[in-house]
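Remarks on the overall topology
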Amino acid sequence: MQYYDSNTFLYLNGKFSKAADAKTDLYGQSLHYGYAVFEGIRAYNTHNGTRVFKAKEHYERLKRSAELMHIPFPYNINELIKQTYKLLEKNNLKDAYIRPLVFCPPHMSLVAATEASILICAWDWGTYLGSSLQKVCISSYQRPNPKSTHVEAKASGHYVNSILATTEAKSKGYDEAILLDMHNNIAEASGANVFMEKGGKLYTPPLGNILPGITRATIIKLCKTLDIECIEKHLSVDDLKSADSAFLCGTAAEIAGIASVDEVSFPAVWTETLGATLQRTYKALVLEKQNYEVII
Ligand code: PMP
């Protein structure tokens, strides 16, 4: 995957510069200790032009992550959104993945940062054509314990746990890993939240031991408009394995149906599940097609 070429611009501390010329310090706390916070945002090429989906929610979560991690965040959210649109325009990107990162300067001590830098970069994400159903496994790795870190922060260091889980899952022939929390309840996948359907209702783990996904929150709202009952409660591995269907959701994954967990396949046909209905509705929402479809 090529993220940039000699023409690519990135945004760094208030200025646009060529990605190929931009530099960072090799003695930084972020590189050495994973002490940084970031976001993953999608822009979609809609009939209303390029739209950054839930931009405010993502930058607000970035700010909250920084606060929880004691990383300075002296930035204005509206200004960051404005610069994000400018970045897309400068790179001629329409369907894109946007990656803001707040990182810390050189310091080898284990103390909170007093200064930070902000990088925003973006790359082409192509048009989503719908992916095949995921084969997932229950990971032998747990999600970080909320008593050892602030799990609701999207902190760089937390993703070492995600890398270990996906590496294990792929080495065993699975596409993705679902990790449990410290009480052996279903927490989330390496980079996505989890929902399951049982008896015509949807279930998802409550906040507390998971990243508060923006897609998860969007789905819960969509359920209200679609009159789908969605219950937030702790779920065991047995609950998940005895579900009718299940799916992962996240900014990058959008809504991805799950075929099986370990060796247990879900009985429902994906296209007939609540997940598939939500997948279609979510797609219409991000493409701002909802009213458009009614009009045409
Ligand atoms: N959980 C984890 C661990 C993630 O990395 C992500 C992706 N940001 C999610 C859940 C889904 O969050 P969102 O819907 O905000 O992308």
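Report follows, based on the coordinates. Keep in mind that this is a model prediction, so the values were computed, not measured.

Looking now at the site of the ligand. Around the ligand sit 16 residues in total, of which Tyr159, Glu188, Ile214, Thr215 and Thr251 are the nearest. At 2.6 Å, a side-chain N or O of threonine 215 approaches an oxygen atom of the ligand. One of the side-chain N or O atoms of threonine 251 is found 2.6 Å from an oxygen atom in the ligand. Expressed as a share of its isolated accessible area of 380 Å², the protein-covered part of the ligand is 95%. Those elements that place two or more of their residues in the shell around the ligand are helix H5 (214–226) and strand E14 (245–250).

Summarising burial for E14: six of the six residues are buried, a large majority. In the sheet, strand E11 (residues 193–198) pairs with E14 via five bridges, with the strands oriented antiparallel. Bridge pairing in E14 places methionine 196 opposite alanine 246. Pairing of E14 with strand E15 (residues 254–261), which is carried by four bridges, proceeds in the antiparallel orientation. Opposite cysteine 249, over in E15, you have isoleucine 255 as the bridge partner. From the end of E14 to the start of E15, which pair antiparallel, there are three residues.

Let's shift gears to the packing of H5 against helix H7 (residues 274–286). Between H5 and H7, whose axes approach to 11 Å, the crossing angle comes to 105 degrees. In terms of axis orientation, H5 runs roughly perpendicular to H7. Residue-level inspection shows Thr215, Thr218, Ile219, Leu222, Cys223 and Leu226 of H5 in contact with H7, the latter providing Thr277, Leu278, Thr281, Tyr282 and Leu285. For the contact of H5 with H7, a count of residues per class yields seven nonpolar, four polar and no charged.

To continue, consider the packing of helix H2 (residues 55–68) against helix H3 (residues 77–90). Contact pair H2 / H3: the axes reach a minimum separation of 10 Å and the direction vectors enclose 125 degrees. In terms of orientation, H2 lies oblique with respect to H3. For H2 against H3, the interelement crossing comes out right-handed. Of the residues in H3, those in contact with Ala55, Lys56, Tyr59, Glu60 and Lys63 of H2 are Ile77, Leu80, Ile81 and Thr84. Here the contact of H2 with H3 is composed, by residue class, of five nonpolar, one polar and three charged.

About the cut-offs
Every chain is numbered on its own, with residues counted from 1 as its sequence reads. Per-residue local features are limited, in this predicted model, to residues with pLDDT of at least 70; the limit for side-chain atom pairs, both in listing and counting, is 80 or more; totals at the level of whole chains, interfaces and linings are taken over all residues. Excluding hydrogens and water, the side-chain figures rest on all heavy atoms present in the structure. Any residue with a non-hydrogen atom lying within 4 Å of a molecule or strand is treated as near it. For the purposes of these results, a polar contact is taken to be a pair of N or O atoms within 3.5 Å, where, inside protein, one atom must be able to donate a hydrogen and its partner to accept one; residues adjacent in sequence count only when each atom of the pair is a side-chain atom. Here the accessible surface of atoms and residues is derived via Shrake-Rupley with a 1.4 Å probe, and residues count as covered only by protein chains that are part of the display. Put simply, DSSP H or I for four residues or longer makes a helix, DSSP E for two residues or longer makes a strand, and each gets a number counted from the N terminus. Accessible area is worked out with a 1.4 Å probe on protein chains only. A residue is then buried under 20% of its type maximum, exposed over 50%, and partly exposed in between. At least two bridges found by DSSP between two strands are what make those strands a pair. Here the axes come from fitting lines to C-alpha atoms, over the contacting stretch only for helices, and the angles between their N-to-C directions go from 0 to 180 degrees. When an angle is under 35 degrees it counts as roughly parallel; over 145 it counts as roughly antiparallel; between 65 and 115 it counts as roughly perpendicular; any other value is oblique. Any pair of residues with heavy atoms lying within 4.5 Å of one another is described as a contacting pair. Residue classes follow a fixed rule: Ala, Val, Leu, Ile, Met, Phe, Trp, Tyr, Cys and Pro count as nonpolar, while Asp, Glu, Lys and Arg count as charged, and any other residue, Gly among them, counts as polar. In a left-handed crossing the near helix is turned counterclockwise from the far helix by less than a right angle, and in a right-handed crossing that turn is clockwise.

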